[in-house]
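A closer look at the structure
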Amino acid sequence: MDNKPAALLAANPIGKVPVIVHHTADKDYAISECAAICAYLAEVHPKAELLPTHDERADYIRWMFFAAGPVEAAITAKALGYEPPPEKQGMAGFGSVTRTLDMLEGHLKTHAFVCGDRFTMADVYVGSQ
């Protein structure tokens, strides 16, 4: 941690990137974690129209959290050379790399966008994984 800039550690004490600091007239807000940054930016910039509509909301939340949880864990496990044995996959938040990625791929085979008929911040985040 000695090689991390002080400003980074002030914004995110574990020294993880990305992290953003949103400066407002009243306060500075530090936001870390990719999904949280995406959701925050969509909310503070509503004119970009990246938030879900009422009908898109359930899929938006589902796929944002799926990408932030099982997909990220599966990709990290694969990069580390780990695949839980079949009898322990129920204990892993992603089950298996193959099942997790198959679920996402299966959804995207039948949907042009992550949640609905238009591009939302969920597409940004899921695509980043």
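An account of the accompanying structure is given in this report. All of these numbers come straight from a predicted model, not from anything done at the bench.

Reading the values: the criteria
- Residues numbered from 1 in each chain as written.
- Predicted model: local features only at pLDDT ≥ 70, side-chain atom pairs only at ≥ 80, totals over all residues.
- Heavy atoms only, no water.
- Buried < 20%, exposed > 50% of the residue type's maximum accessible area, 1.4 Å probe, protein only.
- Helix = DSSP H or I, 4+ residues; strand = E, 2+ residues; numbered from the N terminus.
- Contact = heavy atoms within 4.5 Å.
- Pairing = 2+ DSSP bridges.
- Expected span 1.5 Å × (residues − 1).
- Arc of directions from axis to C-beta.
- Disulfide = S-S within 2.5 Å.

So, on to helix α5 (residues 121–128). Those residues of α5 that fall on the buried side of the exposure criterion are M121, A122, D123, Y125 and V126. Looking at the buried residues of α5, the elements they touch are α2 (34–44), α3 (57–79) and α4 (97–109).

Bringing the pairing of strand β1 (residues 19–23) into the picture now. A regular strand places its side chains so that they alternate between the two faces of the sheet. Bridge analysis of β1 against strand β2 (residues 28–32) gives five bridges, and the strand direction is antiparallel. Bridge assignment links H23 to a residue of β2, and that residue is D28. Counting the residues between successive antiparallel strands, the hairpin from β1 to β2 contains four residues.

What follows deals with α4. Three or four residues apart is the spacing at which side chains of an α-helix point the same way, because the helix has 3.6 residues per turn. Between its first and last C-alpha, α4 extends 18 Å over 13 residues, near the 18 Å set by a 1.5 Å rise per residue. Within the sequence span of α4, burial applies to V97, T100, L104 and H107. Taken end-on, α4 shows its buried residues confined to a sector of 120°, consistent with a single buried face. Opposite the buried face of α4, at more than 90 degrees from it, the exposed residues are T98, R99 and K109. Residues of α4 that are buried sit in contact with α3 and α5.

Turning to the state of the cysteines, a few remarks are in order. Within the structure shown, the criterion is met by zero disulfides. Here C34 is not cross-linked by a disulfide; its sulfur's nearest cysteine counterpart is in C38, at 6.7 Å. We classify C34 as partly exposed; its relative accessible area is 34%.

The subject of this paragraph is unusual backbone geometry. The linkage connecting V17 with the following residue, P18, adopts the cis geometry, with an omega of 5°. By secondary structure assignment, the location of P18 is in the loop between α1 (6–11) and β1. In this structure, E33 is a non-glycine residue whose phi angle is positive, near 75°. Looking at where E33 falls in the secondary structure, it is placed in the loop between β2 and α2. Judged by relative accessible area, which is 36%, E33 ranks as partly exposed. One non-glycine residue with positive phi stands out, namely E49, at about 55°.

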